[in-house]
Structure formats: structure tokens, C-alpha cells
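# Breakdown of the fold
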Amino acid sequence: DAMVIQNPRYQVTQFGKPVTLSCSQTLNHNVMYWYQQKSSQAPKLLFHYYDKDFNNEADTPDNFQSRRPNTSFCFLDIRSPGLGDAAMYLCATSRDRQGVFVEQYFGPGTRLTVT
Amino acid sequence: AQSVSQHNHHVILSEAASLELGCNYSYGGTVNLFWYVQYPGQHLQLLLKYFSGDPLVKGIKGFEAEFIKSKFSFNLRKPSVQWSDTAEYFCAVNGDNAGNMLTFGGGTRLMVKP
């Protein structure tokens, strides 16, 4: 089945130690998103790629970076994780059709713990 | 900026009870509306969506939602809930000025007692 895959599902890192989360998709969608979801809160968009074009949300901290080396893969890099960055990180994809918005498909998420 | 409000943070129902979860958004333009569900330990899944046309949309698992433009609302309903409907439900909106951006509500955690 076509899907959005996130690895690892659980990640533990130390305060200040860089960490990378990965997302891959077999849907061949041109748009990929990274969301942060803290406990009992709504997913919050961090950034998205429209093809290779990177779009950063205004309030996304500089500590968060992203890479999309090809259509299928997208990475979230947290350069110096703080305790406040502990959260579920969700990857999502969508296929943009001539500017018409369509639904997003979500991966299972990576739960990040910062010690 | 768009915002989405889900006023019920926690709902507890008995099996076979009827469900209505409220969702209101703030944006005066054209919107696309969604309800996502997140079962315990699972990823967000699309329940239903509204883009245009009939304001009463039917989704999976017997859920439906009604878009009332004058009230800026998109409430989710199910006539008879089951224990397996226990999950967190998120309303989301994409406005025509928002490109690819989806704005989520805070979520409603539903517990259905057997």
C-alpha cells in the first residue's frame, strides 16, 4: 500500500545533541509537510516543501531545519534540542493539482524525548 | 490568519449515544474543511472532507459533517457511537488565501464507554 513512513517511531536524544528525523513516501506526492504536535494539542505546521521549494512558517524556531533530497524523502533536523522540543513530529504529504488544495496524508509520527 | 475552535475538549458517551462535535473557524473566504481522527497509538486519518457542493458530507465509519457557511461551522455527527470510536478528533481548515497550509483545531478527545 502507498503510504507515508516515518523513522524512527521513537527517538530519545540528549539536551543539545543534534537529531534527525526522517520521512519517506510512496505516494509520489509533490508536497511534504512537517508538523509538531505536543500532548493534547493540535498539530502545528513547522514547514513544507512544494516540490523543491522550501516554505518556513514564520514562528518556526531557527533550531529546526529541513532537507528534501528527492521527491520521496524529507528530513527534519533539530540542531540543539531543548526540553521544550519534546513532542510528536508528524510528516504529511499531499498532491497539489494546479493550485487546488487536496487532503493531506499523515505518517505515524516520531515521538521525540529530550533528556 | 485562520483559526479553528473546537469547544469540546473531552466528551464521554455511552455506546449507542448520538455524537455531535463542534467546529468553528474564522475566515471569511472560501474554505476547504476536514475532520481527521487519531485512534490511540495511530496516525491521523481523514474522516471526511468538504470542498464544495452539498454541505452535508458523509465520511467513513458512519460519520457525517455539515458545513453551515453563515455560522462558520463544520460540526461532526454520528447517530450511534461505538466503543471503537474512542479517539481524538481534529477539525481542520484550509482557506483560499492559505496555499497548502492546513490549520487544525485543538482536538476533542472522545471516550465511548461500552
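Relevant structure appears above.
Residues numbered from 1 in each chain as written. Chains lettered and ligands numbered in written order. Predicted model: local features only at pLDDT ≥ 70, side-chain atom pairs only at ≥ 80, totals over all residues. Heavy atoms only, no water.

The gaps left among the atoms become clear once a water-sized probe is rolled over them. Residues and elements named next belong to chain B. Estimates place the volume of the largest pocket at around 470 Å³. Broken down by secondary-structure element, the contributors of at least two residues to the lining of the largest pocket are β2 (10–14), β10 (87–95) and β12 (108–113). The residue makeup of the lining of the largest pocket, split by class, is 11 nonpolar, 10 polar and five charged. (1 Å grid on protein atoms, 1.4 Å probe; cavity = no way out; pocket = protein on both sides within 12 Å on 5 of 7 lines; lining within 4 Å. Points joined across faces, edges and corners; volume = space filled by probe spheres on them. Helix = DSSP H or I, 4+ residues; strand = E, 2+ residues; numbered from the N terminus. Nonpolar A, V, L, I, M, F, W, Y, C, P; charged D, E, K, R; others polar.)

Working definition: the covalent bond between the sulfur atoms of two cysteines is a disulfide. Following the criterion strictly, the structure yields two disulfides over all chains and no others. Covalently, Cys23(A) is tied to Cys91(A) through a disulfide, its sulfur atoms 1.9 Å apart. Judged by the sign of its S-S torsion, about -75°, the bond between Cys23(A) and Cys91(A) is left-handed. Taken as a pair, Cys23(A) in strand β3 (residues 19–25) and Cys91(A) in strand β9 (residues 87–94) lie far apart in primary sequence, 68 residues in all. For the pair shown, Cys23(A) and Cys91(A) are each scored as buried. Paired by a disulfide, Cys23(B) and Cys91(B) hold their sulfur atoms 1.9 Å apart. Because the sign of the S-S torsion sets the handedness, a value of about -65° for the bond joining Cys23(B) and Cys91(B) places this disulfide among the left-handed ones. On the criterion of sequence distance, the pair formed by Cys23(B) in the loop between β3 (19–21) and β4 (24–26) and Cys91(B) in strand β10 is long-range, its members being 68 residues apart. Across the pair, Cys91(B) and Cys23(B) agree in class, each one buried. (Disulfide = S-S within 2.5 Å. Buried < 20%, exposed > 50% of the residue type's maximum accessible area, 1.4 Å probe, protein only.)

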